[in-house]
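Tertiary structure, described
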Amino acid sequence: MRLAKYLAHAGMASRRKAEELITSGQVTVNDTLVEQLAFLVNPHTDCVKVNGKPVNLEPKQYILLYKPAGYLSSVTDPFGRPTVMDLIRDTSDRLYPVGRLDFDTEGLLLLTNDGDFTNKMIHPRHQVTKRYRAVVKGRVQPGELKHLEKGVELDDGWTSPARVWLIQSGKNESTVDIEIREGRKRQVKRMFQAIGHPVLHLVRTGFGSLDLSDLAIGQYRYLTLDEVEQLLSLAGSQADNDNGGDIS
Ligand code: URA
């Protein structure tokens, strides 16, 4: 197995980051520095270390968490705020979130120790769909949603077409479901801000073929192999349909 693949499988990093670790001279195999990307390791007999620490392959884990508001989507926080890892028990300490939800956003967040899987899920070229339910300020008119569907201009460029459903529209607030394929920082909030309806409450309700059904807020469950394979095939088919894609 190629060294970068080994590191990614061991949950150390995405494939690209693993290659950087190798080329920057941080990886040894059997205590010999290896800087060639094509280097092959035997996972059963070779001892791979990153910065002197052994890296072992461990079983891959995929978790679907119903993230509550008030938790950071990261492994640690220098300011001591709660992170999503505080909600996960009895599992590998190499797990990390697949992408991010804002501190105050709730909903579907995946965690894994599989660097390749993460890369495929978050890379803009693969464009797995993400669905959100947004409660926004003010009465949303159906016509305003057309802008979101076609694309709005944000400070980092136009958004790709989205799908939008008006669930409820009241004088003070409205509820809208939105499905996007990109994953820019605070994207949904910025999209609604751009049409004059700031988001008051945001929940991610779906990710590719997954939804939150049967989970209470703060709970998690392991994905089945079928679910993992379905997500990978969704990511693969999007990449096949695409010839480049924006970096977002
Ligand atoms: N879009 C946002 O604005 N926030 C999130 O947490 C996720 C998507």
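Residue numbering note: each chain is counted from 1, following its sequence as written. It should be noted that, the model being predicted, local features are given only for residues of pLDDT at least 70 and side-chain atom pairs only at 80 or more, the latter also being counted only at that level, while totals for whole chains, interfaces and linings use all residues. Computation of side-chain values: all heavy atoms of the structure, hydrogens and water removed.

Thoughts on the environment of Asp102
Looking at where Asp102 falls in the secondary structure, it is placed in the loop between strand E6 (96–97) and strand E7 (106–112). Measuring from C-alpha to C-alpha, the distance between Asp102 and Leu72 comes to 7.0 Å, with 30 residues separating the pair along the chain. Whether two residues are in contact is decided by their heavy atoms: any pair within 4.5 Å suffices. With residues up to four places along the chain from it excluded, the contact list for Asp102 reads Lys67, Tyr71, Arg186 and Lys189. Secondary structure elements are defined from DSSP: runs of H or I of at least 4 residues count as helices, runs of E of at least 2 residues count as strands, and each element is numbered from the N terminus.

A word on the nonpolar core
By nonpolar core is meant a set of buried Ala, Val, Leu, Ile, Met, Phe, Trp, Tyr and Cys residues that side-chain atoms within 4.5 Å join together. Partly exposed residues are those whose accessible area sits between 20% and 50% of the maximum for their type, while under 20% is buried and over 50% is exposed, using a 1.4 Å probe and protein chains only. Counting residues in each nonpolar core, the largest one holds 30 residues, and the members touching the most others are Leu148, Ile178, Met191 and Phe192. Broken down by secondary-structure element, the contributors of at least two residues to this core are strand E5 (62–67), E7, strand E8 (130–137), helix H4 (142–150), strand E12 (173–180), helix H5 (187–194) and strand E13 (199–207). Residue contributions to this core reach at least three from each of two domains, namely domain 2 (62–124 + 210–247) and domain 3 (130–207). With residues up to four places along the chain from it excluded, the contact list for Phe192 reads Ala134, Val136, Leu148, Val176, Ile178, His197, Pro198 and Val199. In terms of nonpolar packing, the next biggest core, distinct from the first, is built from 18 residues, Met121, Val128, Leu223 and Val228 among them. Segmentation of the chain into domains, including their bounds, is taken from an automatic or database domain assignment.

Topic: the sheet that holds strand E2 (residues 32–33)
Read across the sheet, 4 strands follow the order E2-E1-E3-E4 without closing on themselves; strand pairing throughout is antiparallel. Sheet topology places E2 and strand E4 (53–54) at the edges, where each strand pairs with a single neighbour. Criterion used throughout: strands pair if DSSP finds at least two bridges between them. By the bridge criterion, 2 bridges tie strand E3 (residues 48–50) to E4 in an arrangement that is antiparallel. Residue pairing in the sheet places Lys49 in a bridge with Pro54 of E4.

Section: the environment of Asn172
Structurally, the position occupied by Asn172 is in the loop between strand E11 (163–169) and E12. With near-sequence residues (within four places) excluded, Asn172 lies in contact with Val136, Lys137 and Gly138.

As for the site of the ligand
Close to the ligand lie Leu101, Asp102, Thr105, Tyr132, Arg186, Gln187, Val188, Lys189 and Leu202, which account for all nearby residues. In protein, a polar contact means a hydrogen-donor-capable atom and an acceptor-capable atom, both N or O and within 3.5 Å, with residues adjacent in sequence counting only if both atoms are side-chain atoms; elsewhere, any N or O pair within 3.5 Å suffices. In this structure, an oxygen atom belonging to the ligand sits 3.4 Å away from a main-chain N or O atom of Gln187. Coverage of the ligand by the protein chains reaches 96% of its 240 Å² of free accessible surface. In terms of residues, the shell around the ligand owes the most to one element, H5, which gives 3 residues. Near residues are defined by distance, with any heavy atom within 4 Å of the molecule or strand qualifying the residue. Residue exposure ignores everything except the shown protein chains as possible cover, and the areas themselves are Shrake-Rupley values with a 1.4 Å probe.

Any functional reading would require information beyond the geometric quantities listed.
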